[in-house]
Amino acid sequence: MTSTPRTHMLRDSRDGSPAPWQRTAAGANLLGDDGNLGITIFEEITALAGRYEAINLGQGFPDEDGPADIRNTARKAILAGANQYAPGMGLPVLREAIAEHQERFYGLTPDPETEVMVTTGATEGIAATLLALTGPGDEVLTFEPFYDSYGAMIGLSGATHTTAPLLAPDFLPDLDALEAAFTDRTRVVLVNNPHNPTGTVFPLPVLQRIVDLAVKHDAVIVTDEVYEHLTFGPQHIPVATLPGAAERTITLSSAGKTFSLTGWKIGWLTGPAELVAAVRTVKSFLTYSSGAPFQAAIAGGLRMDDSFFAEAAGTLRAKRNVLSTGLRAAGLDVFQPQGTYFVVADVAPLGIDDATDLSRRLPGLVGVAAIPVALFCHPEGAERTKTLLRFAFCKRFDVLQEAAERIARLGEVL
């Protein structure tokens, strides 16, 4: 006998409040008005890209593998038997390499024993941190647009998600608006720098203002710095290096973006021992540990010569320029990114006032896929960014050249 699925079991909690999965979905803009889960725009655009054999510049993952030396080290580790659980805090060799990296590039000196923890990508680090430190009655402040994982985890924690807008053309915050966004309920301010999706690299005055406001309101600063080595001119400044920040800052990063190894999911966080211990409590019951054969390989990557990091950023800068040329040829306004994998373009000059609708038509029109920036916003922010599209340029040069040539024809086919 086949039972009828009890879909009511997935509905609201018994007291009528949203269930945890609903809070998570709502935070990531995935919950429909009827309370059911909708398809993500990423899934939708990827499907359209496949249907029209389009070049998919929607999702931010490279189409080339990272350095052969790092990959070969992982192969050797697998063959040598490093295939069981790693310690919950991460392999000592990687924790030590992370500490060395922080000192080498930024002058920070975290203790690898108590102030460094390996995570399953930065995404898990974000999740564990927010679940460890925030809950109902708290506010978590992010900039807007915001990476969708932030909204999802804030929703799951039960905290309230507040935002401060990043405004075109430079996508920097108005400092008065930033101050107004802080309250005495702000438990965490979550800073993504370099910033996805806008490509902005925050300058020192903005970062110091964030620190000063966090001190004033006794908030924890959580920084997502996964694009730290992928900047095109401006120097990345870790928040933890600023006066008043170190004792209240958790810094997150990962290997995926820097080394083009996104599928390995090796991330880490650093910060004061008491904050790291609190996050570890939650992280231990998420994955506990992961990626054992990859951790030592990433340790080697972090110890690579400075020239590797400079060349990685330089190559990405050149790719940015290739794609941006095609976007400008199509008549779009291009906001030149200072870092990350992404460039944002405004379709309003083409007489289009709905980039989300265009994103659904773009694969069929010119054979290229992109993601609307409004996806990364609450309703007010979505209205403010409704004509913006995000394109990923972390692809091979030949793919980007072809994409640029296709996009350049956009004005002809609309």
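Below is a short write-up of the structure. (Residues numbered from 1 in each chain as written. Predicted model: local features only at pLDDT ≥ 70, side-chain atom pairs only at ≥ 80, totals over all residues. Heavy atoms only, no water.)

## Concerning the overall build of the protein
(1) Moving on: Assigned secondary structure in the protein consists of 16 helices and 14 strands.
(2) Moving on: Relative to a compact globule of 414 residues, whose C-alpha radius of gyration would be 22 Å, the protein shows 21 Å and is just as compact.
(3) Moving on: Taken along the three principal axes of its C-alpha coordinates, the protein extends 60 × 60 × 55 Å.
(4) Moving on: Among the 414 residues that make up the protein, the fraction classed as buried is 53%.
(5) Moving on: Across the protein, every contact between residues at least 6 apart in sequence was considered, and the portion connecting residues at least 24 apart equals 74%.
(6) Moving on: Carbon and sulfur atoms form 53% of the exposed surface of the protein, whose accessible area is close to 17300 Å².
(7) Moving on: Between the centroid of the 33 positive side chains of the protein and the centroid of its 48 negative side chains there is a distance of 5 Å. (Helix = DSSP H or I, 4+ residues; strand = E, 2+ residues; numbered from the N terminus. Rg over C-alpha atoms; globule rule 2.2 N^0.38 Å. Buried < 20%, exposed > 50% of the residue type's maximum accessible area, 1.4 Å probe, protein only. Contact = heavy atoms within 4.5 Å. Areas by Shrake-Rupley, 256 points an atom, 1.4 Å probe, with all protein chains shown as cover. Lys, Arg positive; Asp, Glu negative; His and termini not counted. Charge placed at Lys NZ, Arg CZ, Asp CG, Glu CD.)

## Observations regarding the packing of aromatic side chains
(1) Moving on: For the structure shown, the criterion picks out 15 aromatic pairs.
(2) Moving on: Taking 6.3 Å as the distance between ring centres and 75° as the angle between the ring planes, the aromatic pair formed by Y227 and F342 counts as edge-to-face. Of the two residues, Y227 sits in the loop between β7 (220-224) and β8 (249-254) while F342 sits in strand β11 (residues 342-346), which places them 115 residues apart along the sequence.
(3) Moving on: Using a relative accessible area of 2% as the deciding quantity, one classes F342 as buried. (Phe/Tyr/Trp six-rings, centres within 6.5 Å; stacked < 30°, edge-to-face > 60°.)

## Description of the layout of surface pockets
(1) Moving on: Taken as a whole, the largest pocket encloses approximately 590 Å³ of empty space.
(2) Moving on: Lining the largest pocket are 26 residues, with G60, T123, Y147, Y227 and K257 positioned closest to its centre.
(3) Moving on: Within the residue set of the lining of the largest pocket, elements represented by two or more residues are α5 (121-133), α6 (148-157) and α9 (255-259).
(4) Moving on: The element contributing the most residues to the lining of the largest pocket is α5, with four residues.
(5) Moving on: For the lining of the largest pocket, the residue count by class is twelve nonpolar, nine polar and five charged. (1 Å grid on protein atoms, 1.4 Å probe; cavity = no way out; pocket = protein on both sides within 12 Å on 5 of 7 lines; lining within 4 Å. Points joined across faces, edges and corners; volume = space filled by probe spheres on them. Nonpolar A, V, L, I, M, F, W, Y, C, P; charged D, E, K, R; others polar.)

## Let's talk about helix α13 (residues 355-366)
(1) Moving on: Turning to α13, its buried residues are A355, L358, S359, L362, P363 and V366. Within α13, the buried residues cover an arc of 140° as seen down the axis, which keeps them to one side.
(2) Moving on: Buried residues in α13 make contact with α2 (41-51), β12 (368-369), β13 (371-372), β14 (388-392), α15 (397-407) and α16 (410-413).
(3) Moving on: Looking at where α13 begins, the residue whose side-chain oxygen comes 3.1 Å from the main-chain nitrogen of T356 is D354.
(4) Moving on: Of the residues trailing α13, G367 is marked for its positive phi of about 75°. (Arc of directions from axis to C-beta. Polar contact = N/O pair within 3.5 Å; in protein donor to acceptor, adjacent residues only side chain to side chain.)

## Section: the pattern of salt bridges
If the charged atoms of two oppositely charged side chains come close together, the side chains can form a pair.
(1) Moving on: Applying the stated rule across the entire model yields 15 salt bridges.
(2) Moving on: E100 is the partner of R303 in a salt bridge, and the nearest nitrogen-oxygen pair spans 2.8 Å. On the criterion of sequence distance, the pair formed by R303 in the loop between α11 (292-302) and α12 (306-329) and E100 in helix α4 (residues 92-106) is long-range, its members being 203 residues apart.
(3) Moving on: Given the relative accessible area of 38%, R303 is considered partly exposed.
(4) Moving on: Classification of E100 as partly exposed rests on a relative accessible area of 39%.
(5) Moving on: Between R248 and D218 there is a salt bridge; the shortest N-O distance is 3.5 Å. Of this pair, R248 sits in the loop between β7 and β8 while D218 sits in the loop between α8 (204-217) and β7, and the two are 30 residues apart along the sequence.
(6) Moving on: For R248, a relative accessible area of 15% corresponds to the buried category.
(7) Moving on: On the basis of relative accessible area, D218 is assigned to the exposed category, the value being 53%.
(8) Moving on: The structure contains a network of salt bridges with shared partners spanning D63, R396 and D398. (Salt bridge = Lys/Arg side-chain N within 4 Å of Asp/Glu carboxyl O.)

## Brief notes about the nonpolar core
(1) Moving on: By size, the foremost hydrophobic cluster in this structure holds 36 residues, and its most contacted members are L57, L323, L327, L362, L389 and F391.
(2) Moving on: Listing elements by their share of this core, those giving two or more residues are α12, β11, α13, β14 and α15.
(3) Moving on: Ignoring anything within four residues of it in the chain, the contact list for L362 reads G367, V368, A370, L389, F391 and L410.
(4) Moving on: One finds L178, V189, I210 and V344 within the second-largest nonpolar core, a separate group that totals 26 residues. (Core = buried A, V, L, I, M, F, W, Y, C linked by side-chain atoms within 4.5 Å.)

## Regarding the sheet that holds strand β4 (residues 160-167)
(1) Moving on: Across the sheet, which stays open at both edges, the eight strands sit in the order β2-β9-β8-β7-β6-β3-β4-β5 with mixed pairing between neighbours. Each edge of the open sheet is held by one strand with a lone partner, namely β2 (116-120) and β5 (172-173).
(2) Moving on: Here strand β3 (residues 139-144) pairs with strand β6 (residues 186-192) via four bridges, running parallel. Following the sheet pairing, L141 is matched in β6 by V189. (Pairing = 2+ DSSP bridges.)

## A few points about the packing of helix α1 (residues 20-27) against α6
(1) Moving on: Put simply, α1 and α6 touch, their axes get as near as 6 Å, and they point 150° apart. Comparing the axis directions of α1 and α6 gives the class roughly antiparallel. Considering the relative orientation of α1 and α6, their crossing is right-handed. Together, P20, R23, T24 and G27 of α1 and G151, A152, M153, G155 and L156 of α6 make up the contact between the two elements. (Axes fitted to C-alpha atoms, helices over the stretch in contact; angles between N-to-C directions. Parallel < 35°, antiparallel > 145°, perpendicular 65-115°, else oblique. Left-handed = near helix turned anticlockwise from the far one by under 90°.)

## Quick look at the sheet that holds β14
Across a sheet, strands are paired by hydrogen bonds formed along the backbone, either parallel or antiparallel in direction.
(1) Moving on: Here four strands make up an open sheet; going across it, the order is β10-β11-β14-β13 and the pairing antiparallel. This sheet does not close on itself; its edge strands, each paired only once, are β10 (333-335) and β13.
(2) Moving on: In terms of strand pairing, β11 meets β14 through five bridges, oriented antiparallel. The residue of β14 that forms the bridge with V343 is F391.

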